[in-house]
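Architecture at a glance
Single-letter residue listing:
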Amino acid sequence: MLKFKSDIPASEITPYAVYQQRRAFVQAAVAAGVLMPTLSEAAAMALKGAPSSYSVPEKTTSFDDATHYNNFYEFGTDKSDPARHADTLRPAPWTVRIEGEVAKPRTFDIDDLRKLAGMEERVYRLRCVEGWSMVIPWVGYPLVQLLKQVQPTGNAKYIEFTSLADPKQMPGVRSSVLEWPYTEGLRLDEALHPLTLLTFGMYGQVLPNQNGAPVRVIVPWKYGFKSAKSIVRIRLTEKQPNTSWNLAAPGEYGFYSNVNPEVDHPRWSQATERRIGEDGIFKPKRKTLMFNGYADQVAGLYTGMDLRKFY
Ligand SMILES: Nc1nc2c(c(=O)[nH]1)N[C@H]1C(S)=C(S)[C@@H](COP(=O)(O)O)O[C@H]1N2
Ligand SMILES: [Mo]
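Here the structure is a predicted model, which means the values were calculated and not measured.

Reading the values: rules and limits
Residue numbers here run from 1 along each chain, matching the order of that chain's written sequence. The lettering of chains begins at A and the numbering of ligands begins at 1, in the order of writing. Reporting in this predicted model follows two pLDDT cut-offs: at least 70 for local features of residues, and 80 or more for side-chain atom pairs to be given and counted; totals over whole chains, interfaces and linings ignore these cut-offs and use all residues. Side-chain descriptors were evaluated using all non-hydrogen atoms of the structure, hydrogens and water having been removed beforehand. Starting at the N terminus, helices and strands are each numbered in turn, a helix being any DSSP run of H or I of at least four residues and a strand any DSSP run of E of at least two. To sort residues, take the accessible area from a 1.4 Å probe on protein chains only and compare it with the maximum for the residue type: under 20% means buried, over 50% means exposed, and anything in between is partly exposed. The contact criterion used is simple: two residues touch if any of their non-hydrogen atoms lie within 4.5 Å. All accessible areas in this document rest on Shrake-Rupley with a 1.4 Å probe, and a residue is counted as covered only by the protein chains that are shown. Here, a salt bridge means any Lys or Arg side-chain nitrogen found within 4 Å of an Asp or Glu carboxyl oxygen. Each residue carries a pLDDT score, the predictor's own confidence in it, on a scale running from 0 to 100. We treat two strands as partners when DSSP finds at least two bridges between them. Distances are taken per atom, and a residue is near a molecule or strand as soon as one of its heavy atoms is within 4 Å of it. We define a polar contact as two N or O atoms separated by no more than 3.5 Å, with the added condition that, inside protein, one atom must be a possible hydrogen donor and the other a possible acceptor, whereas residues neighbouring each other in sequence contribute only through side-chain atom pairs. Residues are called lining when one of their atoms sits within 4 Å of a cavity or pocket point, these points coming from a 1 Å grid over the protein atoms alone, where a cavity is a set in which a 1.4 Å probe fits but cannot get out and a pocket is an open set with protein on both sides within 12 Å along at least five of seven lines. Grid points are joined across faces, edges and corners, and a volume is the space filled by probe spheres set on the points. Classification used: nonpolar for Ala, Val, Leu, Ile, Met, Phe, Trp, Tyr, Cys and Pro, charged for Asp, Glu, Lys and Arg, polar for all others including Gly.

1. Section: the overall build of the chain
When its secondary structure is counted, the chain shows nine helices and 13 strands. Buried positions account for 52% of the 311 residues belonging to the chain. The contacts in the chain between residues at least 6 apart in sequence include a share of 72% that link residues at least 24 apart. Summed over its atoms, the accessible surface of the chain is roughly 14,100 Å², and 54% of this surface lies on carbon and sulfur atoms.

2. Structural notes on the pattern of salt bridges
Throughout the structure, instances matching the rule amount to 17 salt bridges. We note a salt bridge from Arg 275 to Glu 58, for which the minimum N-O separation is 3.0 Å. With Arg 275 in strand S12 (residues 272–275) and Glu 58 in the loop between strand S1 (50–51) and helix H3 (63–68), this pair connects stretches of sequence that are 217 residues apart. Residue classification places Arg 275 among the buried residues on the basis of a relative accessible area of 7%. Residues Arg 267 and Glu 252 are paired through a salt bridge, measuring 2.7 Å at the closest nitrogen-oxygen approach. Taken together, the positions of Arg 267 in the loop between helix H8 (244–248) and S12 and Glu 252 in the loop between H8 and S12 put the pair 15 residues apart, joining distant regions of the chain. Looking at Arg 267, the relative accessible area reads 56%, which means it is exposed. Note on Glu 252: relative accessible area 21%, which makes it partly exposed.

3. Observations concerning the confidence of the model for the chain
Within the chain, residue pLDDT values average 89, and 85% of them lie at 70 or more. The least confident element of the chain, judged by mean pLDDT, is helix H2 (residues 39–48) at 57; the most confident is strand S11 (residues 231–237) at 99. Within the model, pLDDT remains below 50 along residues 1–13, and this stretch shows 29 contacts once partners closer than five positions in the same chain are excluded. Confidence drops under pLDDT 50 across residues 35–39; counting only partners more than four residues distant or on other chains, this segment forms six contacts.

4. Here we look at the pairing of strand S7 (residues 183–187)
By the criterion of burial, S7 is predominantly enclosed, with five of the five residues buried. Burial along S7 is two-sided: Thr 183, Gly 185 and Arg 187 and Glu 184 and Leu 186, pointing in opposite directions, are all buried. Two strands pair when backbone bridges link them, and strand S6 (residues 158–163) and S7 are joined in this way by five bridges, in the antiparallel orientation. From the neighbouring strand, Phe 161 faces S7, where its bridge partner is Glu 184.

5. Some details on the site of ligand 1
Lining the immediate environment of ligand 1, one finds 17 residues, of which Asn 70, Tyr 73, Glu 74, Arg 216 and Lys 229 sit closest. One of the side-chain N or O atoms of Ser 163 is found 2.9 Å from a nitrogen atom in ligand 1. The side chain of Arg 216 places a nitrogen or oxygen atom 2.6 Å from an oxygen atom of ligand 1. When isolated, ligand 1 has an accessible area of 540 Å², and the protein chains bury 98% of it.

6. Points about the side chain of Ser 163
For Ser 163, the position within the fold is in strand S6. Of note is the side chain of Ser 163, whose polar atom sits 2.6 Å from the backbone oxygen of Lys 229. Excluding residues that lie within four positions of it along the chain, Ser 163 makes contacts with Glu 74, Pro 181, Tyr 182, Ala 228, Lys 229, Ser 230, Ile 231 and Val 232.

7. Focus: the layout of surface pockets
Put simply, the largest pocket is a space of about 460 Å³. Forming the walls of the largest pocket are 28 residues, and the residues nearest its centre are Asn 71, Phe 72, Cys 128, Gly 224 and Phe 225. At four residues, strand S5 (residues 132–142) tops the list of elements feeding residues into the lining of the largest pocket. Along the lines of polarity and charge, the residues of the lining of the largest pocket split into 17 nonpolar, six polar and five charged.

8. Remarks on unusual backbone geometry
Following Trp 180, the chain continues to Pro 181 via a peptide bond in cis, the omega torsion being -5°. Note on placement: Pro 181 falls in the loop between S6 and S7. For the bond from Ala 213 to Pro 214, the omega torsion is -5°, close enough to zero to count as cis. Its location among the elements puts Pro 214 in the loop between strand S9 (205–206) and strand S10 (216–218). Although it is not a glycine, Gln 151 adopts a positive phi angle of roughly 60°. Mapped onto the elements, Gln 151 comes out in the loop between helix H6 (143–150) and S6. Its relative accessible area of 35% is what places Gln 151 among the partly exposed residues. Phi is positive for Tyr 203, close to 50°, though the residue is something other than glycine. Residue placement: Tyr 203 occurs in the loop between strand S8 (197–202) and S9.

Next comes the structure, spelled out in structure tokens:
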């Protein structure tokens, strides 16, 4: 696959229409097997990321739906709240602290974090625990690239992500709907898996505020809430970390939260999903796939585990 070093300031963002043209151009060239990017083409691809073999061949959700139907409780609990209120989030300047069980703890400036590895564009399914899904082209690099740099110690077994919780920027953190800051976690082998993406952009642009600017994680085989937004701290731990949703309702939201059509949420079935943008009474719901369709890649992480117990 193509890889280019990213050294383009985040301020140089390509308009969406231009991005779509370039993307079509690159895809046609890749299909023809003759991609010879000009210098400007290479520069453009560095920001949007090269197309990835991890992408699913499904119709992507519209940019409008992906940026106006969101969960980001720091800005309110309504799906329309993040788009309406997240303009108060300041994604720059921004730092991300990486600490805990690592040989080289470090605080990264967001611009340095962006340049740490070559970016890819990956079209992933995102399945919310509430029963809807989207298909989104994310831009980022595998989280393992960052973890290599800080060198997890032999004691590191888990990873914890902490989102910003600033009441001046995020009106929702004054409510007690969740414990703030929002935290999420993974087992270390899940964090090291090549599908786990440290994500800086979507649709060829830097992340809109409501989607978790300036940096979030995307774990496509798990329910959407595992993919923490607007991350300020990453901590490697020996013990399984607490997570916001597990603290709020332990019987409903487990630590693993792998997408699993066979394990119902206590209040609803997880067997089917509604694809956002495919509304209408005649449109049948889609069957939810085991591990959100990524079973070939990730089922091996859970060999021998009872997925009803570790939901
Ligand atoms: N910090 C933070 N991260 C979060 C959430 C949140 O409320 N706060 N919501 C989660 C949920 S429930 C989902 S489905 C996804 C939605 O991501 P999107 O709005 O970019 O589609 O973000 C997840 N990450
Ligand atoms: Mo969600």
